[in-house]
Amino acid sequence: MTARRQERNGIRRQLQIRPGTALVSVLVSLLWPGPGPAALAATTERVVTNRFSGLAIEGYDPVAYFVDARPVLGLPEVEAADAGVVWRFRNVGNRASFVAHPDIYGPQFGGYDPVDLARGVTVAGQPRFWPVSGQRLYLFAFEEHREAFAADPQRYLQQAVSRWPALEEGLAQ
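Below is a summary of the structure that appears in this document. These figures come from a predicted structure and were not determined experimentally. (Residues numbered from 1 in each chain as written. Predicted model: local features only at pLDDT ≥ 70, side-chain atom pairs only at ≥ 80, totals over all residues. Heavy atoms only, no water.)

As a further point, take the packing of aromatic side chains. Per the stated rule, a full pass over the model turns up nine aromatic pairs. With a centroid separation of 4.8 Å and an interplanar angle of 40 degrees, the aromatic rings of Trp87 and Phe98 are classed as tilted. Here Trp87, found in strand 2 (residues 85-89), pairs with Phe98, found in helix 6 (residues 92-100); they are 11 residues apart in sequence, far enough to count as distant. Given a relative accessible area of 3%, Trp87 falls into the buried group. Here Phe98 falls in the buried class, since its relative accessible area comes to 1%. Taking the centre distance of 5.2 Å and the plane angle of 45 degrees together, the rings of Phe89 and Phe98 count as tilted. Phe89 gets classed as buried once you look at its relative accessible area, which sits at 0%. (Phe/Tyr/Trp six-rings, centres within 6.5 Å; stacked < 30°, edge-to-face > 60°. Helix = DSSP H or I, 4+ residues; strand = E, 2+ residues; numbered from the N terminus. Buried < 20%, exposed > 50% of the residue type's maximum accessible area, 1.4 Å probe, protein only.)

Taken together, the five bridges between strand 1 (residues 75-82) and strand 2 define a ladder with antiparallel strand orientation. Note on strand 2: the bridge partner recorded for Ala81 is Val86. With antiparallel pairing between neighbouring strands as the criterion, strand 1 and strand 2 make up a hairpin whose turn holds two residues, including Ala83 at a positive phi of roughly 60 degrees. (Pairing = 2+ DSSP bridges.)

Turning to the pattern of salt bridges, a few remarks are in order. In total, this model carries four salt bridges according to the counting rule given. A salt bridge links Arg90 to Asp68; its shortest N-O distance comes to 2.9 Å. Of this pair, Arg90 sits in the loop between strand 2 and helix 6 while Asp68 is found in the loop between helix 5 (64-67) and strand 1, placing the two residues 22 residues apart along the sequence. The salt bridge involving Arg146 is made with Glu143; its shortest N-O contact spans 3.2 Å. On the criterion of helical spacing, the pair formed by Arg146 and Glu143 is a turn pair, its members being three residues apart in helix 9 (residues 143-151). (Salt bridge = Lys/Arg side-chain N within 4 Å of Asp/Glu carboxyl O.)

This is a description of form; function is not addressed.
Next comes the structure, spelled out in structure tokens:
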């Protein structure tokens, strides 16, 4: 975009770079999280929550993973609050099941990736990378993590379970 079009569109006024500040501007642009998928999922909460909408697991129905064997977006008119976040469901039956047993239907480790937890770091899982294993829902940050977990779930679960209490303690309530 030319300088004239930038000024006309208000972009240049917002990004005025003075001599000597170019390095600072570049660093800020690299470190500033944009509203991409990773930033939307970034969280320090005990349950992975979209920081803009306040919805757990991006608004997907956690019970649908068990009932429909696939991720299904919940409806705004069918919500419940649990663990300080809002959960959405595709129908009132799924909501009732979740409210009765949030420990069963909610994603394990608050929706954090168990492969990363096994390494000692908290990374938000994504609703599209999941399995139900051992009657529990797990969310993964990457498809590769889901595949590694599927190959040896006991290894990752043992390490994630042992590290989760200390990691969870460092997360906001």
